[in-house]
Protein chains: 2
Amino acid sequence: MATIKDVAQLAGVSVATVSYVLNDSMPVSEATRNKVLAAVAKLGYQPHRQGRNLQRQRTLTIGVLLPQANLLCELDLATWLLEATNAATSAGYSLLLQPADSQARGDLADGWISFGTALDPQLPQIWALAPPFEQPAVLCDAAFAAQRAVETLTHAGMQRIGLITLPRSIPGSARWYLGYRRALRRAGIAFDPALVVEPANNRFHDGVAAYEALAASENDYDGLIVCGNQLATGVVMVDHAKVPLIVSHSNTQRGISGFRWPTELWAHTLVRKLLQQLDGSAIAHRTWLNPSLVIGSLGFKEDLDGFNYV
Amino acid sequence: MATIKDVAQLAGVSVATVSYVLNDSMPVSEATRNKVLAAVAKLGYQPHRQGRNLQRQRTLTIGVLLPQANLLCELDLATWLLEATNAATSAGYSLLLQPADSQARGDLADGWISFGTALDPQLPQIWALAPPFEQPAVLCDAAFAAQRAVETLTHAGMQRIGLITLPRSIPGSARWYLGYRRALRRAGIAFDPALVVEPANNRFHDGVAAYEALAASENDYDGLIVCGNQLATGVVMVDHAKVPLIVSHSNTQRGISGFRWPTELWAHTLVRKLLQQLDGSAIAHRTWLNPSLVIGSLGFKEDLDGFNYV
DNA sequence: CTGTTAGCGCATTCAG
DNA sequence: CTGAATGCGCTAACAG
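Residues numbered from 1 in each chain as written. Chains lettered and ligands numbered in written order. Predicted model: local features only at pLDDT ≥ 70, side-chain atom pairs only at ≥ 80, totals over all residues. Heavy atoms only, no water.

- The name recorded for chain A in an unreviewed UniProt entry is HTH-type transcriptional repressor PurR, from Herpetosiphon gulosus.

Have a look at this one:
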């Protein structure tokens, strides 16, 4: 590995001069600049990150706090990380992974972001270790999604709309419920608690059970909204012919109608904001993103215009 | 931030002594060791990674090469990364993300691993940049899975077994095909090319189309194997009542029978092997892992004992 | 404009 | 056993 000394020697200049041209930190005459550049090219020299960073007191690294595996059901961590990696890389930064409960995140990175959705019940604990509003926060409002979903059905003339969602004790789920109520109120439809089922977990068979509970009751409904991918998949599996509309939380694959969470935009925005903050720029700490509704080929799909069909 | 100097000063010893006790690199008297430890505790001192690493010429970092988003359909990157992070963290290392086509991966990390499945058609290109056998490789054999799947059906008395899989030009898919042929041969069943459908892509609707193509033909089959999550999901969606067995590639959720790829073990093994290699230990460069078959609640589920039902 | 030099925080010879 | 000195690779004053 060639060092800056080697370059300086070969170019017949001092190390400082090499540093100057490489960092544009001082005016350098065209002649010597060319000599330096030639030497750099010849040696294939690349500045040693460790040395440079030690001197600059920076790591050129962004730390990512990762929650535990079983919580990653709603959001696509893969896509999120890929986009975050791209955003960081194009700015000369790298992403460094660390478990959310990690102790040693002192000088590992210049800044930290955390992956998490409001549906993640453990997020409060994670945020206790790394408060969200000391770092830039990008949020996606489930209330908006729920409201949008209900409106889609009411605009199509439906009146009795069922809701299958996780318990309201989970923050993100609470907002889903909120949007549902709000849309009903605005449409002048009375709220009927019997139409709401709240399974404890977001698993395939929880969806099946919830659907069957609703179907077995005397309550007839003409529209149905399901919050949670696994739940929605379960419902579709049991019998999608009867279900006017399934709205999954984020996954729009498999023909299920659902909201597409702007995962890439989210990751990108988060990284950009952190970088701006590191640059010393003032930033808005909270940024809200909106999910978009995509109507799938399964279940309800009539009387809808202006939507993308999967 | 306290430095080693501060510790030395407070303990009334030299910086070298502090280094000795912190790294156990030299014998130190019990008395002075205690003084040092006390000072460390009092100041909450933690060695500065950058400085230490510069001196030691190491980064305590493992680089991870990430393929592009659209290729991540078969394997759970999230789970994989989480487990890799845990394995690395518990050894004092961190994971550093980098796009697979990244140029600058010189001194960023002590070693590199890459996420990828043999089904990934772009893997050869990725590996061209970071040849797999210069880094430790952990592989999962699809041929084993295919063979196991076919045997499960033949043992239940089936004779005409259909196969829906990706084109053989994709390495991982080729091995799937291989295992299928091998199992048939061993069972003394003649191979019938009409029972094999090879859609070009692993998407939901490709599965639907492939299934319909097979169903429309004159070929009747009593068992069916599908390679690929999205394909399998599509097949189930169309009509799972007729399908004796769906074997997905890796995903066993949603009631579909399938192979569980040992994702966590994989990630863990890969990281451990790299760390051993960095330690200078001789390691076997290729490690084979086997997937395990899980029978789902959908489709074929009779005459099977000793399996875990989802 | 360019060279000399002093650290960034740490580990490690080499004398004592 | 301990301490002073050296340097890992680089940047940034400070002189010239």
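After presenting the structure, the write-up continues.
### With respect to the protein's contact with DNA strand D
Point 1. Surrounding DNA strand D, one finds 27 residues, the nearest of these being A:Ile4, A:Tyr20, A:Tyr45, A:His48 and A:Arg52.
Point 2. A distance of 2.5 Å separates a phosphate oxygen of DNA strand D from a polar backbone atom of A:Ile4.
Point 3. Of all elements in the fold, only helix H1 (4-11), helix H2 (15-23) and helix H4 (49-56) of chain A together with helix H2 (15-23) and helix H4 (49-56) of chain B reach the threshold of two or more residues within the surface near DNA strand D.
Point 4. Split by residue class, the surface near DNA strand D holds 11 nonpolar, 13 polar and three charged. (Near = heavy atom within 4 Å. Polar contact = N/O pair within 3.5 Å; in protein donor to acceptor, adjacent residues only side chain to side chain. Helix = DSSP H or I, 4+ residues; strand = E, 2+ residues; numbered from the N terminus. Nonpolar A, V, L, I, M, F, W, Y, C, P; charged D, E, K, R; others polar.)

### Let's talk about the protein's contact with DNA strand C
Point 1. The full set close to DNA strand C counts 27 residues, and A:Thr17, A:Ser29, B:Ile4, B:His48 and B:Arg52 are the nearest of them.
Point 2. Backbone atoms, meaning sugar plus phosphate, form 67% of the atoms of DNA strand C positioned within 4 Å of the protein.
Point 3. Taking B:Tyr20, its side chain carries an N or O atom lying 3.2 Å from a base oxygen of DNA strand C.
Point 4. Sorting the residues of the surface near DNA strand C by element identifies H2 and H4 of chain A together with H2 and H4 of chain B as the ones contributing at least two each.
Point 5. In terms of residue class, the surface near DNA strand C is made up of 11 nonpolar, 14 polar and two charged.

### Side note on the nonpolar core
Point 1. In terms of nonpolar packing, the biggest core is built from 124 residues, with A:Ile62, A:Trp80, A:Trp176, B:Ile62, B:Trp80 and B:Trp176 touching the most fellow members.
Point 2. Leaving out residues up to four positions away in the same chain, A:Ile62 has contacts with A:Ala88, A:Tyr93, A:Ser94, A:Leu95, A:Leu96, A:Ala109, A:Gly111, A:Ile113, A:Val271, A:Leu274 and A:Leu275.
Point 3. Counting 12 residues, the second-largest nonpolar core is a separate cluster that includes A:Trp112, B:Leu65, B:Ala100 and B:Leu108. (Core = buried A, V, L, I, M, F, W, Y, C linked by side-chain atoms within 4.5 Å. Buried < 20%, exposed > 50% of the residue type's maximum accessible area, 1.4 Å probe, protein only. Contact = heavy atoms within 4.5 Å.)

### Topic: the sheet that holds strand S2 (residues 94-99) of chain B
Point 1. Overall, mixed pairing links the six strands, which are arranged S3(A)-S1(A)-S2(A)-S2(B)-S1(B)-S3(B) in an open sheet. Each end of this open sheet is capped by a strand with a single partner; those strands are strand S3 (111-114) of chain A together with strand S3 (111-114) of chain B. Direction aside, neighbouring strands of the sheet carry axes that sit 35° apart on average.
Point 2. As judged from the four bridges shared by strand S1 (residues 61-66) of chain B and S3(B), these two strands associate in the parallel manner. Paired with B:Gly63 across the two strands is B:Trp112, which belongs to S3(B).
Point 3. Each of strand S1 (61-66) and strand S2 (94-99) of chain A together with S1, S2 and S3 of chain B is contacted by helix H5 (residues 77-89) of chain B, which is oriented at about 75° to S2(A), the strand it contacts most. (Pairing = 2+ DSSP bridges. Axes fitted to C-alpha atoms, helices over the stretch in contact; angles between N-to-C directions.)

### Section: the side chain of B:Thr61
Point 1. Within the secondary structure, B:Thr61 sits in strand S1.
Point 2. For B:Thr61, a relative accessible area of 8% gives the class buried.
Point 3. In this structure B:Thr61 touches A:Leu96, B:Tyr93, B:Ser94, B:Leu96, B:Leu108, B:Ala109, B:Asp110 and B:Gly111, once residues within four positions along its chain are discounted.

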